[in-house]
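Each chain is listed here by its residues.
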Amino acid sequence: MDAQYYGTVSLGTPPQSFRVIFDTGSADLWVPSARCCLLHLACWLHPHYYSALSHTHRPNGSAFSIHYGSGSLRGFLSQDTLQISNVSVEAQTFAEAVALPGLTFAAARFDGVLGLAYPGAAAGPAVPVFDNMMHRGIFRDNVFAFRLRSGTSGGDGGELLLGGFDEEQFEGPPITSPSRAARIGSCTWTGETPQTTPKNTSPPPRPPRPPRSPNNWGSVGALGCRDPPCARGLRGHRGQGTSLITGPSKEIAALHRALGGTRAIGGQYLLDCDASLSAQRHLRVGGRGFILGPQHYVMQVSQSGAPTCVSGFMELDVPPPAGPIWILGDVFMVRNYVVFDRDHDRIGLAPSK
């Protein structure tokens, strides 16, 4: 089971390249800043954005802070030209990260995150990248799609297609579901809540986010290690599970009882490698069953020379009114083609070829 999927984008003129996760669970774009605090290990291990080297850079200076399930960071906002493959977006606002605490970002193969969720999921006031593309009329159809691959050689982990989807990449007609509050690929979109057994339930809609005053954002300090002033409303909270499938603890526990799993720390489970490598799981979404083989949801790691199997299903209890929900992360997306349709506020799912 592969755990990290990322692609390369560039910022500035001339371009400065970064590897980013295209995250449908958040709506902000950030990369490490040249002012990154060197007290944090991650600031030594990743490339930095140098605003002084870009003649299209425009300062903003507003403070930025975001919390993910696996780590948090802070920094300040800037504006520059963003390039994703052959798509260019001028004057894209993004965050320069100056504090990347902990080992999460230090160990990551990616440098930053490019959020693709709705604007309501943004931690800061910047217009998200895909919304910026929509406002500029770059695409005829405001759609994007993921095809992830697992276990491939040569670094081919799949593709993100902006402005459409590729019918050659999936089998049969995709099921569609209106987006209300469940997360597909850890996305703040909504459809029917997936179940390990058939059940016709769906979560309630998310309440609207309170408006923020632009006068409360503060400004970054002169040094990257200084803590910039930050309004309480600025901090965004993101769930875990972008790599895994997460769900309510009771249902995840029942699933692992059937698999013979043992609960570990942080809501994760360990599996018997010999027994788990032959068990298929069936998830039902939108009335259609989706099959996951053990090669998709079992991750084998080595501890002291002995193999250990970690389950790709993890507990995550989201309280009402946003929950309970399931998050279908990379474990699910590796096996299935996923389309996000912003024009009609819906998602599409179909088994990948």
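Just so it is clear, the structure is predicted and the values come from calculations on it, not from any experiment.

Caption draft 1: Geometry of the sheet that holds strand β15 (residues 269-271). An order of β14-β15-β19-β18 is seen for the 4 strands of this open sheet, with the pairing classed as antiparallel. Because the sheet does not close on itself, it has two edges, and the strands there are β14 (262-263) and β18 (298-303). Bridging between β14 and β15 involves 2 bridges; their strand directions are antiparallel. Of the residues in β15, the one forming a bridge with Thr262 is Leu270. Sheet strands in contact with helix α4 (residues 249-259) are β15 and β19 (306-311), and its direction is about 15° off that of β15.

Caption draft 2: Representation of a nonpolar patch on the surface. Together, Leu38, Leu41, Trp44, Leu45 and Leu103 make up a nonpolar patch on the protein surface, roughly 580 Å² of accessible area in all. Within the element layout of this structure, Leu41 appears in the loop between β3 (29-32) and α1 (42-45).

Caption draft 3: Representation of the side chain of Gln169. Take Gln169: it is sitting in the loop between β9 (158-162) and β10 (175-178). On the basis of relative accessibility, which here comes to 14%, the residue Gln169 falls in the buried class. The contact partners of Gln169, leaving out residues within four places of it in the chain, are Arg147, Arg149, Glu159, Tyr337, Pro351, Ser352 and Lys353.

Caption draft 4: How the structure looks around the packing of aromatic side chains. The full count for this structure, using the stated rule, is 11 aromatic pairs. Taking 5.6 Å as the distance between ring centres and 85° as the angle between the ring planes, the aromatic pair formed by Trp30 and Phe105 counts as edge-to-face. Placement of Trp30 in strand β3 and of Phe105 in helix α2 (residues 104-107) is noted, with a sequence separation of 75 residues between them. Each member of the pair, Trp30 together with Phe105, is buried. Grouping aromatic residues by their ring pairs yields a cluster made of Phe130, Phe139, Phe144, Phe146 and Phe340.

Caption draft 5: Layout of unusual backbone geometry. A cis geometry characterises the amide bond from Thr13 onward to Pro14, with omega recorded as 0°. Structurally, Pro14 can be placed in the loop between β1 (7-11) and β2 (16-23). Cis geometry marks the peptide bond from Pro320 to Pro321; its omega dihedral reads 5°. In this structure, Pro321 sits in the loop between β20 (313-315) and β21 (327-328). At Ser85, a position not held by glycine, the phi torsion is positive, near 55°. Tracing the backbone shows Ser85 in the loop between β5 (71-84) and β6 (87-99). Residue Ala91 is not a glycine yet carries a positive backbone phi of 55°. Along the polypeptide, Ala91 turns up in strand β6.

Caption draft 6: Layout of the pattern of salt bridges. As enumerated under the stated definition, the model contains 4 salt bridges in all. In this structure, the salt-bridge partner of Arg140 is Asp141, at a minimum N-O distance of 3.5 Å. What makes Arg140 exposed here is its relative accessible area of 77%. For Asp141, a relative accessible area of 31% puts it in the partly exposed group. Between Arg263 and Glu315 there is a salt bridge; the shortest N-O distance is 2.8 Å. Here Arg263, found in strand β14, pairs with Glu315, found in strand β20; they are 52 residues apart in sequence, far enough to count as distant. When its relative accessible area of 11% is taken as the criterion, Glu315 is described as buried.

Caption draft 7: The confidence of the model for the protein, seen in detail. Per-residue confidence for the protein averages 77 on the pLDDT scale, and 76% of its residues sit at or above 70. Put simply, strand β12 (residues 236-237) is where the protein has its lowest mean pLDDT, 28, and helix α3 (residues 129-135) is where it has its highest, 97. Across residues 180-241, confidence stays below pLDDT 50; counting only partners more than four residues off in sequence or on other chains, it has 190 contacts.

Caption draft 8: Structural view of the state of the cysteines. Tallied over the full model, the rule gives 2 disulfides. Across a sulfur-sulfur distance of 1.8 Å, Cys36 and Cys43 are joined as a disulfide pair. Between Cys36 and Cys43, the S-S dihedral sits near -50°, and the bridge is therefore left-handed. The buried category is assigned to Cys36, whose relative accessible area is 6%. At a sulfur-sulfur separation of 2.2 Å, the disulfide partner of Cys273 is Cys309. Between Cys273 and Cys309, the S-S torsion sits near 120°, and that sign places the bridge as right-handed.

Quick notes on the rules
Along each chain, numbering runs from 1 in the same order as the chain's sequence is written. Under the rules for a predicted model, residues below a pLDDT of 70 receive no local features and side-chain atom pairs below 80 are neither given nor counted, while totals for whole chains, interfaces and linings still include all residues. Think of the side-chain values as coming from all heavy atoms in the structure, minus any hydrogens and water. Strand pairing requires that DSSP identify at least two bridges connecting the strands. The helix count covers DSSP runs of H or I at least four residues long, the strand count covers runs of E at least two residues long, and both are numbered beginning at the N terminus. Contacts are assigned to residue pairs that have any heavy atoms within 4.5 Å of one another. To get an axis, a line is fitted to the C-alpha atoms, and for a helix only the part in contact is used. The angle between two axes follows their N-to-C directions and goes from 0 to 180 degrees. Residues form patches when they are more than 30% accessible in relative terms and have no salt bridge. Like charges link within 9 Å. Nonpolar side chains (Val, Leu, Ile, Met, Phe, Trp, Tyr) link within 5 Å. Each accessible area value is a Shrake-Rupley result obtained with a 1.4 Å probe; residue values ignore everything except the protein chains displayed when judging cover. One side-chain nitrogen of Lys or Arg within 4 Å of one carboxyl oxygen of Asp or Glu is enough to make a salt bridge. Relative accessible area decides the class of each residue, using a 1.4 Å probe on protein chains only: under 20% of the type maximum gives buried, over 50% gives exposed, and in between gives partly exposed. Any Phe, Tyr or Trp ring, taking Trp's six-membered ring, that has another such ring centre within 6.5 Å forms a pair; planes under 30 degrees apart are called stacked, those over 60 apart edge-to-face, and the others tilted. The quantity called pLDDT is the predictor's confidence in a given residue, expressed from 0 to 100. Pairs of cysteine sulfur atoms within 2.5 Å are identified as disulfides in what follows.

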